[in-house]
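# Topology and contacts: notes
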Amino acid sequence: MKVLQERIRQEGLILSDTVLKVDSFLNHQVDTELALQIGQEFKKLFGHQPITKVITIEASGIQFAMATAIALGVPFIYAKKKKAVTLSEAVYSAPVHSFTRQEDYLVSVSQKYLGPNDKVLIVDDFLATGAALVGLVDIVKEAGAELLGVGCVIEKSFQEGRSLLENRGIEVHALARIASMSPGEIHFIDNESSLEKIKESAGC
């Protein structure tokens, strides 16, 4: 998705070879038009499948899961990181480790909203270590639902997340795949094979 790569080049802040900040347009302040375009892009990638639910983890994946669900015309669910007082019914849950926050937490989804008849697409903002997405995969499995794929906005392809998912036989698509990065430059993977080097411009 070239428009996304360009926004990362212009506005992304590369703090190290593993940390990329995109909070000016994706996951703190959100460019809503871009979020809707991302939803349409995931529809192009997964819309041929009989998806009944889109699922993500709160909070930074919510806007992209919602945009995708709108494009597909289905509901979306976000797994809660802490069980709310109002969430008194039975839940599916899985432990997750946050690489960004360096903490462990339990994510949960009400059994009322996910079940064996559902065909699920997981959507999230980042794919890096894959821990959060594996947690969602486990929840979908626990519910007896069928997982049809995982869509991520940005993938750090130099980390192990994709292999963890693909080793489980899961179809994975990312709209911007980063092969490597460091302050001043970033390498994107295009069409699953080629590398494009993008030099620092405004933010990177």
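Residues numbered from 1 in each chain as written. Predicted model: local features only at pLDDT ≥ 70, side-chain atom pairs only at ≥ 80, totals over all residues. Heavy atoms only, no water.

An unreviewed UniProt entry annotates the chain as Xanthine phosphoribosyltransferase of Paenibacillus etheri. The record held by UniProt for the chain lists under Catalytic activity (unreviewed entry) the comment "XMP + diphosphate = xanthine + 5-phospho-alpha-D-ribose 1-diphosphate". Quoted verbatim from the Subunit (unreviewed entry) field of the UniProt record, the comment on the chain reads "Homodimer." (UniProt positions renumbered as here; feature names shortened; annotations may be inferred.)

Right, let's get into the overall build of the chain. The number of helices and strands found in the chain is five helices and eleven strands. Counting all 204 residues of the chain, 49% fall into the buried class. Here the analysis covers contacts within the chain between residues at least 6 apart in sequence; of these, 59% occur between residues at least 24 apart. Roughly 9,800 Å² of accessible area belongs to the chain as shown, and the carbon and sulfur atoms make up 51% of that amount. (Helix = DSSP H or I, 4+ residues; strand = E, 2+ residues; numbered from the N terminus. Buried < 20%, exposed > 50% of the residue type's maximum accessible area, 1.4 Å probe, protein only. Contact = heavy atoms within 4.5 Å. Areas by Shrake-Rupley, 256 points an atom, 1.4 Å probe, with all protein chains shown as cover.)

Another aspect to go through is a nonpolar patch on the surface. Residues L13, L15 and V19 make up a contiguous nonpolar surface patch of roughly 230 Å² in combined accessible area. In this structure, L13 sits in strand β1 (residues 13–14). (Patch = residues over 30% accessible without salt bridge, like charges linked within 9 Å, V, L, I, M, F, W, Y side chains within 5 Å. Salt bridge = Lys/Arg side-chain N within 4 Å of Asp/Glu carboxyl O.)

The next point concerns the confidence of the model for the chain. Of all residues in the chain, 89% have pLDDT values of 70 or greater, and the mean over the chain is 90. In this model, residues 192–204 is a region of pLDDT below 50 whose contacts with residues beyond four sequence positions or in other chains number 38 contacts. (pLDDT = per-residue confidence, 0-100.)

It is worth spelling out the pairing of strand β7 (residues 119–127) at this point. Along any regular strand the residues' side chains alternate between the sheet's two faces. Of all nine residues in β7, eight are buried; the element is thus mostly enclosed. Bridging between strand β3 (residues 53–57) and β7 involves three bridges; their strand directions are parallel. Bridged to I55 within β7 is I122. Handedness of the crossover joining β7 and strand β8 (residues 146–156) through helix α4 (residues 131–143) is recorded here as right-handed. (Pairing = 2+ DSSP bridges. Right-handed = clockwise from strand over helix to strand, strands pointing away.)

Here we take up the UniProt feature "binding site: 5-phospho-alpha-D-ribose 1-diphosphate" (unreviewed entry) in the chain. As annotated by UniProt and renumbered to match this structure, "binding site: 5-phospho-alpha-D-ribose 1-diphosphate" (unreviewed entry) occupies A128, T129, G130, A131 and A132. Structurally, T129 is set in the loop between β7 and α4. Assignment of secondary structure puts G130 in the loop between β7 and α4. Judged by its relative accessible area of 5%, G130 falls in the buried class.

Time to look at the nonpolar core. By size, the foremost hydrophobic cluster in this structure holds 30 residues, and its most contacted members are L4, I8, L20, L26 and I154. Elements with a contribution of two residues or more to this core: α1 (2–11), α2 (32–46), α3 (62–72), β7, β8, β9 (172–182) and β10 (185–190). Take this core: its biggest share by element is five residues, from α2. Setting aside chain neighbours within four positions, we find L4 in contact with F25, L26, L34, V153, L175 and A176. Judged by nonpolar contacts, the second largest core, of 29 residues, contains I55, V150, I170 and V172. (Core = buried A, V, L, I, M, F, W, Y, C linked by side-chain atoms within 4.5 Å.)

So, about the pairing of β3. Taken across its five residues, β3 has five buried, putting it largely inside the fold. Where burial is concerned, the two faces of β3 agree: the one with K53, I55 and I57 and the one with V54 and T56 are both buried. Pairing geometry for β3 and strand β4 (residues 76–79), over four bridges, is parallel. Bridging across to β4, I57 finds its partner in A79.

In this section: the packing of α2 against α3. Their axes nearest at 7 Å, the elements α2 and α3 cross at an angle of 55°. The orientation of α2 relative to α3 falls into the category oblique. Note that α2 runs across α3; the crossing there is right-handed. In this structure, α2 uses A35, L36, I38, G39, Q40, F42 and K43 to contact α3, whose residues at the interface are F64, A67, T68, A71 and L72. Here the residues of the contact of α2 with α3 are counted per class, giving eight nonpolar, three polar and one charged. (Axes fitted to C-alpha atoms, helices over the stretch in contact; angles between N-to-C directions. Parallel < 35°, antiparallel > 145°, perpendicular 65-115°, else oblique. Left-handed = near helix turned anticlockwise from the far one by under 90°. Nonpolar A, V, L, I, M, F, W, Y, C, P; charged D, E, K, R; others polar.)

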